[in-house]
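Chain residues, written in single-letter form:
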Amino acid sequence: MPYRSSQCAEYPPHRTHDHDRHPSRYAAAASLPGMREKRSGYTFAHGGRQVRFGPVVFWIAVGTVTLLGIWSAATATYFAFRDDVLTRLIARQADMQYAYEDRIAELRSRVDRTTSRQLIDQEQFERKLDEIMRRQTVLESRASALSAISEVSVTGSIKGSARKAGNDADAGSSRSEKPSPINDTTTFEALPDRGAPLDFRQPANARAKPVPLMNVTGEDNRLLQLKSSLDRVESRQIAELSSIADGMDSRLHRMRGVFSDLGLSVAKMATATLYPGTGGPYVPVKLRSDSDPFERQLYRVNLTRAQIDRLDRALALVPYRKPVVGELEFTSGFGVRVDPFVGRPAMHTGLDFRATAGNPVRTTANGKVISANWTGGYGRMVEVDHGNGLSTRYGHLSEIDVKIGQTVKAGQVIGEVGSTGRSTGPHLHYETRIDGEAVDPQKFLRAGTRLNNG
């Protein structure tokens with residue numbers, strides 16, 4: 001739209017001759033104040049019409065048009081590139097979301113791994129603890145088995161007693177602290193505290209302490225300590241069982257030696273032995289193929305123990321014990337001697353033991369009294385039948401404390417030392433007979449000594 005300034009529009013172009021013609025007009029017009037105000041605006045002419053704007057309105061209009069142009073351009077640009085912008089924004093938001101999800105998944109995976117490790121560690125700890133508990137149960141059952149071996153057996157021949165001080169060649173057997181008046185058979189003893197619970201048999205420094213399942217510092221060390229403690233207990237048990245097995249083997253060998261020395265049949269003596277008040281179904285003993293060394297050793301000990309029990313029953317009928325208390329002192333041996341009354345050689349069918357009148361006389365084996373009265377030169381005499389052709393006689397007694405037909409046990413008092421019959425003073429005349437024939441009693445006494453002393 002063409003426009004011209006107000007000065008040019010109000011006053012047409014002048015010519016030089018007009019200045020020369022009317023110089024006073026231009027001077028007057030220039031001097032008018034109103035003319036200066038009209039010359040500061042803008043006039044737009046179009047089609048012969050003129051529109052005059054002030055400078056403020058003009059610039060407002062120009063600014064508005066400019067802003068509208070910018071807004072139109074921005075709007076057009078937005079609509080033109082809106083899809084790309086939205087796509088990029090959505091893609092960026094998706095990338096951020098995926099990144100957060102990946103981070104969350106990674107953290108969750110770490111938590112899961114940590115939890116899994118904790119669960120695995122807990123399971124391993126519980127498995128180890130269960131293994132230790134099972135092992136402790138096994139060791140306690142072994143301790144019970146060891147205690148049962150040393151407790152009183154059915155026959156009462158294997159008795160528990162306190163272990164004597166010092167080392168013994170036969171660790172599993174020894175004589176009781178109080179010697180039997182007749183030096184009875186060697187007895188097996190229970191080890192100290194063997195029947196107590198397993199934890200109380202351990203040394204104080206090796207005793208297991210309760211371990212909680214969780215939140216324990218150094219739990220592996222505690223488990224190792226428990227395992228080491230159980231290892232020590234197991235080693236002691238194996239050593240103890242081996243000692244018992246060796247002692248039983250030694251005793252079994254000595255017991256068989258007694259029968260061999262005396263010329264007696266083990267099978268015959270054992271067959272004649274009665275088992276009062278026993279019975280039950282026959283269940284053979286079997287050893288599992290997967291048995292550990294302790295179980296195999298225990299199986300061997302049980303078999304040996306059964307054989308010892310069988311021989312003990314047979315030995316209960318063998319008169320190898322002493323008939324009087326204290327040290328034996330012979331005043332006359334078995335065999336040919338000078339008779340003290342006639343002064344001529346004569347056969348002495350027994351042993352004379354020096355003893356004080358009134359001392360108790362004890363039977364040397366289980367049996368049944370077949371004579372208990374005055375018998376010729378024996379004076380007051382007691383004869384006991386032990387079965388299998390074995391019998392013993394006790395002469396010159398001052399008192400008789402049993403009756404004919406009475407059953408007696410080894411070590412039972414049957415009378416008192418005296419000087420009745422053909423006797424020169426208080427003593428005990430003792431005989432052992434096999435099938436009615438007198439044999440040297442020292443043969444039986446020596447076998448008993450070897451059996452007792454090992």
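Residues numbered from 1 in each chain as written. Predicted model: local features only at pLDDT ≥ 70, side-chain atom pairs only at ≥ 80, totals over all residues. Heavy atoms only, no water.

What is the right way to read the packing of aromatic side chains from this model?
In this description, an aromatic ring pair is defined by two values, namely the gap between the centres and the angle between the planes. Counted according to the given criterion, the structure contains four aromatic pairs. Arranged with centres 6.1 Å apart and planes meeting at 55 degrees, the rings of Phe-353 and Tyr-430 form a pair that is tilted. Of this pair, Phe-353 sits in strand 9 (residues 351–354) while Tyr-430 sits in strand 16 (residues 427–434), placing them 77 residues apart in sequence. Exposure class is identical for Phe-353 and Tyr-430. Each is buried. Pairing Tyr-394 with Tyr-430 gives two aromatic rings, centres 5.4 Å apart and planes at 45 degrees, and the pair type is tilted. Here the residue Tyr-394 occupies a position in strand 13 (residues 390–400), and Tyr-430 occupies one in strand 16, the gap between them amounting to 36 residues. Relative accessible area serves as the criterion here: at 0%, Tyr-430 is assigned to the buried category. One aromatic cluster in this structure is built from Phe-330, Phe-353, Tyr-394 and Tyr-430. Sitting over the face of the ring of Tyr-320, Arg-321 holds its NZ or CZ atom 4.3 Å from the ring centroid. (Phe/Tyr/Trp six-rings, centres within 6.5 Å; stacked < 30°, edge-to-face > 60°. Helix = DSSP H or I, 4+ residues; strand = E, 2+ residues; numbered from the N terminus. Buried < 20%, exposed > 50% of the residue type's maximum accessible area, 1.4 Å probe, protein only. Lys NZ or Arg CZ within 6 Å of the ring centre and 35° of its normal.)

Sorry if this is basic, but what is going on with the nonpolar core here?
Generally speaking, a soluble globular protein has its nonpolar side chains buried in company with each other. Of all hydrophobic cores here, the largest spans 28 residues; its most connected members are Phe-259, Leu-315 and Val-318. Only helix 5 (55–150), helix 7 (219–262), helix 9 (293–315) and helix 10 (441–453) provide two or more residues apiece to this core. The leading source of residues in this core is helix 7, at nine residues. The residues touching Val-318, leaving out its near neighbours within four places in the chain, are Phe-259, Leu-262, Leu-264, Met-269, Thr-364, Ala-365, Leu-390 and Phe-444. (Core = buried A, V, L, I, M, F, W, Y, C linked by side-chain atoms within 4.5 Å. Contact = heavy atoms within 4.5 Å.)

What am I meant to see in the side chain of Ser-332 here?
Here Ser-332 lies in strand 6 (residues 330–332). Overall, the relative accessible area of 12% leaves Ser-332 in the buried class. Among the polar contacts made by the side chain of Ser-332, one reaches the side chain of Arg-337 at a distance of 2.8 Å. Not counting residues within four places of it along the chain, the set of residues in contact with Ser-332 comprises Arg-337, His-348, Gly-350, Leu-351 and Asp-352. (Polar contact = N/O pair within 3.5 Å; in protein donor to acceptor, adjacent residues only side chain to side chain.)

Please explain the packing of helix 7 against helix 9 as it appears in this structure.
For any two helices packed against each other, one specifies the crossing angle of their axes together with the interaxial distance. Two elements in contact, helix 7 and helix 9, have axes separated by 9 Å at closest approach and are oriented at 30 degrees. One element, helix 7, and the other, helix 9, form an angle in the roughly parallel class. Viewed along their axes, helix 7 and helix 9 form a crossing whose handedness is left-handed. For the contact of helix 7 with helix 9, the per-class residue count stands at 16 nonpolar, five polar and seven charged. (Axes fitted to C-alpha atoms, helices over the stretch in contact; angles between N-to-C directions. Parallel < 35°, antiparallel > 145°, perpendicular 65-115°, else oblique. Left-handed = near helix turned anticlockwise from the far one by under 90°. Nonpolar A, V, L, I, M, F, W, Y, C, P; charged D, E, K, R; others polar.)

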